[in-house]
Amino acid sequence: MAIKRYTADADNTIVNAFKSDLSTRGTGSNAGYADVMEVYSIYGRESSGSQELSRILVKFPVTEISSDRTAGNIPASGSVNFYLRLYNAQHSKTVPESTTLLVSAISQSWQEGVGLDLEGYKDDTDGNTGSNWMSASSTAAWTTVGGDYLTSSGFQFSQTFDSGLEDLEVDISDLVEKWIAGTQGNYGVGVRLSSSLEAYFSSSTGQNSGSLIHN
């Protein structure tokens, strides 16, 4: 069985986590040039009920994939599978067991950016090129803070992790074929914890600076 690998051409980690002062959230921070990406939910670091979230954005070169199909380098639709694979990086943080990650198509264009800081979240976009928790780009906000995702069948996929140390490997063939056919814009995918594991924002609280626990 032949395997062909395509490398992402854009990625970013977006967060609503607190900066090192434990007062200001890093919702404007960008990590498009960081060497790793992170997904997490942190409980109780700032206060007894505080919650901090991180999500991944990643996009692949569908024009290259389409050209390879036209040239006969990859099989026709229905005769090939496309897998999203992200590799676990060793780190010192605690990982959750029996965790489910969602892989969802992103519904609008976004910018990678050039930030690096995934510790203090000091690399704010401040209107410059790059996505963050609040904005998809320097000129466009997300409709929903934390990113805009398509969640219906054929647009969202999932994987459960027993130990939390496994690599992510999800068959996203349905979505890639939509990108190739042009029936869905190629804006990549977002990777995040499932709703049962991730807090969500409630506008009824009047707190629009980040997520609160409502699940």
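Residues numbered from 1 in each chain as written. Predicted model: local features only at pLDDT ≥ 70, side-chain atom pairs only at ≥ 80, totals over all residues. Heavy atoms only, no water.

### Topic: helix α1 (residues 62–70)
(1) Moving on: Within α1, the full set of buried residues consists of Val 62, Ile 65, Asp 68 and Arg 69. An end-on view of α1 places all buried positions within 120° of arc, on one side of the element. Turned more than 90 degrees off the buried face of α1, the exposed positions are Thr 63 and Thr 70.
(2) Moving on: Considering only its buried residues, α1 is in contact with α2 (173–181).
(3) Moving on: The positive-phi residue at the C-terminal boundary of α1 is Gly 72, with phi of around 80°. (Buried < 20%, exposed > 50% of the residue type's maximum accessible area, 1.4 Å probe, protein only. Helix = DSSP H or I, 4+ residues; strand = E, 2+ residues; numbered from the N terminus. Arc of directions from axis to C-beta. Contact = heavy atoms within 4.5 Å.)

### Structural notes on the confidence of the model for the protein
Atomic detail in the predicted coordinates should be set aside for any region of low pLDDT.
(1) Moving on: Residues with a pLDDT of 70 or more make up 91% of the protein, whose mean pLDDT is 90.
(2) Moving on: Taken as a whole, residues 206–211 scores under 50 in pLDDT and shows 17 contacts with residues more than four places along the chain or in a different chain. (pLDDT = per-residue confidence, 0-100.)

### Quick notes on the pairing of strand β5 (residues 99–106)
(1) Moving on: Counted residue by residue, β5 has seven buried out of eight residues, so it is predominantly covered.
(2) Moving on: Inspection of the sheet shows β5 paired to strand β7 (residues 156–161) by six bridges, in the antiparallel sense. Counted as the bridge partner of Thr 99 is Phe 161 from β7.
(3) Moving on: For β5 and strand β9 (residues 189–193), the ladder comprises five bridges, and the chain directions are antiparallel. In the strand pairing of β9, Ala 105 is matched with Val 189.
(4) Moving on: The pairing of β5 with strand β6 (residues 149–150) spans two bridges and is antiparallel. (Pairing = 2+ DSSP bridges.)

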